[in-house]
Amino acid sequence: MTLIDDLRAAVGAAHVLVDGDLSGYEVDWRKRYRGRARAVVRPGSTAEVAAVLRACAAHGTAIVPQGGNTGLVGASIPDDSGTQVLLSLTRMNRVREIDAANLAMTVDAGCVLQSVQEAAAARGLLFPLSLAAEGSCTIGGNLATNAGGTQVLRYGNTRELCLGLEVVTASGEIWNGLTGLRKDNTGYDLRDLFIGSEGTLGIITGATLKLHPQPAAVTTALASLATLEAAVQLLQLAQSRLGAGLTGFEVMGRYALSLVRTHMPQLAQPLPPADWTVLLEQSDNEGEAHAQALFEALLETALDRGLIADAAVASSLEQSNAMWHLRESIPMAQAQEGANIKHDIALPVSAIAEFVATTDAALSAGFPGVRLVNFGHLGDGNLHYNVQAPEGVDATVFLRDHEHAVNTLVYDAVGRFAGSISAEHGVGALKRDELAQRKSPVALGMMRAIKQALDPNGMLNPGRVL
Ligand code: FAD
Ligand code: ZN
């Protein structure tokens, strides 16, 4: 039997796509990577995933798992050899169980993040993971990349929101590690091995997720500031006043918001342009009025201390949503401006202001006229520190000529400040070579040993991460 015959036997002929327009599976979200699949296979159950992996193992065929294909590091599409099988999990989209008393829910890996949030909300509970791609990314993809997003400050990364996993191994065995336990110290943590492994160690088919009680009110505010140092001081003030009630603290640079103004003029910007604008989110267990009063008092103190120049507290859910919409529109506005060099970096919060000042200066000196699109999850020390070609310079040409040098400058600086070259997007193909150069040989050696143990023939998402 040919590979295609075996795949058809595994999932049914209708779910093995070999011709027609497969670009939705073969081109990544940023349109930076294009591949060609031998076939796109769309299993409907864990048993079918296992059958696909056994078939691929028998034929020596490599597999690239894919969820919503919103990943930003070129790891969710096949290479251009035309030999790899693209395994799409999106037909596996069932909520299996909600255990409200245990604050846990078990879902298929192909569930779209927003549908998971909605299923929890329908039971009066909160699944806090939240990111701009939530309408199309899947929980399997979130786990495979250990996605961060806008609520990490309070609730943690996807890793902190996962209790158990179901995984199909490279040889096609099913590991049922679905559990709602908060405590389980029975040996190595296999769950945490697969989280963040970007499809290179196994196929995640199901997950038990951690839920939280819904807060009584969630409200947001914007504040404008002259310096990033002031933003860090505002963060400390907000943390001391609001404690765990501070659920989001996002920063947006002047140029980042100007791109939204240019490309999405219909979006209202409540505050006049400033060097830095911060979005604060507060979750409150008493109610809207209580939350607003806390915000007003906090922002008044910040004004008195000269930390902020201006502020606006949302007075309705619509206004809160509009504030978030502004922040979440930056990636799209920036894409509309043209290709750019992305850096998803983590730094100690205490080092961020100095990092940005010195690295901005070095970039401007080395690449005159470059435009710095700076925004991110300041509360987590995570910046999206992106570099756009100078005005009037063709972005493709700029990237071709300077991407490597820009990356070296930025990542060397990240290293000096004890940061990370990938905070939340992962390594994929984009940062594989940087990782090989910058991670310690001991760490890389252990990573390779794990890969060798779980995928000895290198069939799972080859060429990504390692
Ligand atoms: P895909 O893109 O399909 O895949 C991502 C990786 O996971 C690939 O390596 C793939 O092989 C692997 N994979 C997918 N499913 C499985 C599975 N079931 N088993 C094993 N491996 C699998 N990310 C953040 O962390 N924070 C953000 O704030 C954020 N904002 C974003 C905003 C926009 C507008 C966009 C487009 C992306 C953003 N991202 C963000 C990146 C992206 O959305 C996340 O990485 C997301 O978790 C990817 O999910 P996905 O289902 O689309 O995965
Ligand atoms: Zn982000």
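Up top you'll find the structure we're talking about.
### Focus on the site of ligand 1
Next, step 1: Around ligand 1 sit 35 residues, and of these P65, G67, T70, G71 and T138 come closest.
Next, step 2: S76 is positioned such that a nitrogen or oxygen atom in its side chain is 3.5 Å from an oxygen atom of ligand 1.
Next, step 3: Between I204 and ligand 1, the recorded distance is 2.8 Å, taken from a backbone N or O atom to a nitrogen atom.
Next, step 4: Computed on the free molecule, ligand 1 has an accessible area of 970 Å², of which 96% lies beneath the protein chains in the complex.
Next, step 5: In terms of residues, the shell around ligand 1 owes the most to one element, helix 5 (residues 139–145), which gives 5 residues.
Next, step 6: Among the residues forming the shell around ligand 1, the class breakdown is 14 nonpolar, 19 polar and 2 charged.

### A short note on the sheet that holds strand 3 (residues 63–66)
Next, step 1: Ordered in space as 1-2-4-3, the 4 strands form an open sheet in which the pairing is mixed. Where the open sheet ends on each side, the last strands, each with one partner, are strand 1 (16–17) and strand 3.
Next, step 2: Strand direction decides the pairing type here: strand 2 (residues 39–41) and strand 4 (residues 85–88), joined by 3 bridges, are parallel. Residue pairing across strands places A39 opposite V85, the latter belonging to strand 4.
Next, step 3: Sitting on the sheet, helix 3 (residues 46–59) is in contact with strand 2, strand 3 and strand 4, with an inclination near 170 degrees to strand 4.

### Things to note about the coordination of the zinc ion (ligand 2)
Next, step 1: The protein atoms that coordinate the zinc ion (ligand 2) are H377 (NE2), H384 (NE2) and E424 (OE), at distances of 1.9 to 2.2 Å.
Next, step 2: Within one chain, the residues serving as donors to the zinc ion (ligand 2) are arranged as H-x6-H-x39-E. In this pair, H384 is assigned in strand 19 (residues 382–388) and E424 in the loop between helix 14 (395–416) and helix 15 (432–438), connecting sequence segments 40 residues apart.
Next, step 3: Owing to a relative accessible area of 10%, E424 belongs among the buried residues under this scheme.

### A short note on the packing of aromatic side chains
Next, step 1: Inspection of every chain in the model, using the stated rule, returns 3 aromatic pairs.
Next, step 2: Taking 5.4 Å as the distance between ring centres and 65 degrees as the angle between the ring planes, the aromatic pair formed by F355 and Y385 counts as edge-to-face. On the criterion of sequence distance, the pair formed by F355 in helix 13 (residues 352–366) and Y385 in strand 19 is long-range, its members being 30 residues apart. Summarising the burial analysis for this pair, F355 and Y385 share the class buried.
Next, step 3: Ring plane angle 85 degrees and centroid distance 5.7 Å describe the contact between F355 and F417, whose orientation is recorded as edge-to-face. Here F355, found in helix 13, pairs with F417, found in the loop between helix 14 and helix 15; they are 62 residues apart in sequence, far enough to count as distant.
Next, step 4: In this structure an aromatic cluster arises from ring pairing among F355, Y385 and F417.

### Quick word on the nonpolar core
Next, step 1: L234, L280, F355, L363 and Y385 are the most contacted members of the largest nonpolar core, which has 49 residues in total.
Next, step 2: Top contributing element to this core by residue count: helix 8 (residues 228–242), with 8 residues.
Next, step 3: When residues no more than four places from it in sequence are discounted, the contact partners of L363 are V370, L372, Y385, V387, V406, L409 and V410.
Next, step 4: Ranked by size, the runner-up nonpolar core spans 31 residues in total, among them M105, L126, C162 and V167.

### Description of the sheet that holds strand 5 (residues 95–99)
Next, step 1: A sheet is described by the order of its strands in space; here 5 strands give the open sequence 5-6-10-8-9, paired in antiparallel fashion. The sheet is open, and its two edges are formed by strand 5 and strand 9 (174–177), each paired on a single side. Shown here is a sheet whose adjacent strand axes are inclined to one another by a mean of 10 degrees, direction ignored.
Next, step 2: Sheet topology note: the strand 8 (residues 162–168)/strand 9 ladder contains 4 bridges and is antiparallel. Directly across from V167, in strand 9, lies its bridge partner W175.
Next, step 3: Sheet strands in contact with helix 3 are strand 5, strand 8, strand 9 and strand 10 (203–210), and its direction is about 45 degrees off that of strand 8.
Next, step 4: Seen against the sheet, helix 4 (residues 113–122) touches strand 5, strand 6 (104–108) and strand 10 and runs at an angle of roughly 145 degrees to strand 6.

### Describing the environment of S224
Next, step 1: For S224, the position within the fold is in strand 12 (residues 217–225).
Next, step 2: In this structure the C-alpha to C-alpha distance between S224 and M264, which are 40 residues apart in sequence, comes to 20 Å.
Next, step 3: With residues up to four places along the chain from it excluded, the contact list for S224 reads L271, A274, W276, T277, I308, A309 and D310.

### Topic: the environment of S283
Next, step 1: Within the secondary structure, S283 is located in strand 14 (residues 276–284).
Next, step 2: Sequence separation of S283 and G74 is 209 residues, and the distance between their C-alpha atoms is 35 Å.
Next, step 3: Beyond its immediate stretch of four places on either side in the chain, S283 contacts P215, A217, V218, G245 and T247.
Next, step 4: Polar side-chain contacts of S283 include one of 3.0 Å to the side chain of T247.

### Side note on the pattern of salt bridges
Next, step 1: The final tally for this structure, using the stated rule, is 16 salt bridges.
Next, step 2: Put simply, R371 and E337 hold a salt bridge, and the shortest N to O gap is 3.0 Å. Within this pair, whereas R371 is found in strand 18 (residues 371–377), its partner E337 is found in helix 12 (residues 330–337), the two being separated by 34 residues in sequence.
Next, step 3: R400 is the partner of D401 in a salt bridge, and the nearest nitrogen-oxygen pair spans 3.0 Å.
Next, step 4: One network of salt bridges, in which partners are shared, links R94, R96, D108 and E166.

### Examining the state of the cysteines
Next, step 1: Taken as a whole, this structure holds 0 disulfides when the rule is applied.
Next, step 2: We note that C137 lacks a disulfide partner, and the nearest cysteine sulfur, in C111, lies 12 Å from it.
Next, step 3: For C137, a relative accessible area of 3% gives the class buried.

What counts and what doesn't
Residues numbered from 1 in each chain as written. Chains lettered and ligands numbered in written order. Predicted model: local features only at pLDDT ≥ 70, side-chain atom pairs only at ≥ 80, totals over all residues. Heavy atoms only, no water. Near = heavy atom within 4 Å. Polar contact = N/O pair within 3.5 Å; in protein donor to acceptor, adjacent residues only side chain to side chain. Areas by Shrake-Rupley, 256 points an atom, 1.4 Å probe, with all protein chains shown as cover. Helix = DSSP H or I, 4+ residues; strand = E, 2+ residues; numbered from the N terminus. Nonpolar A, V, L, I, M, F, W, Y, C, P; charged D, E, K, R; others polar. Pairing = 2+ DSSP bridges. Contact = heavy atoms within 4.5 Å. Axes fitted to C-alpha atoms, helices over the stretch in contact; angles between N-to-C directions. Donors = N, O, S within 2.8 Å, 3.2 Å for Na, K, Ca; no water. Buried < 20%, exposed > 50% of the residue type's maximum accessible area, 1.4 Å probe, protein only. Phe/Tyr/Trp six-rings, centres within 6.5 Å; stacked < 30°, edge-to-face > 60°. Core = buried A, V, L, I, M, F, W, Y, C linked by side-chain atoms within 4.5 Å. Salt bridge = Lys/Arg side-chain N within 4 Å of Asp/Glu carboxyl O. Disulfide = S-S within 2.5 Å.

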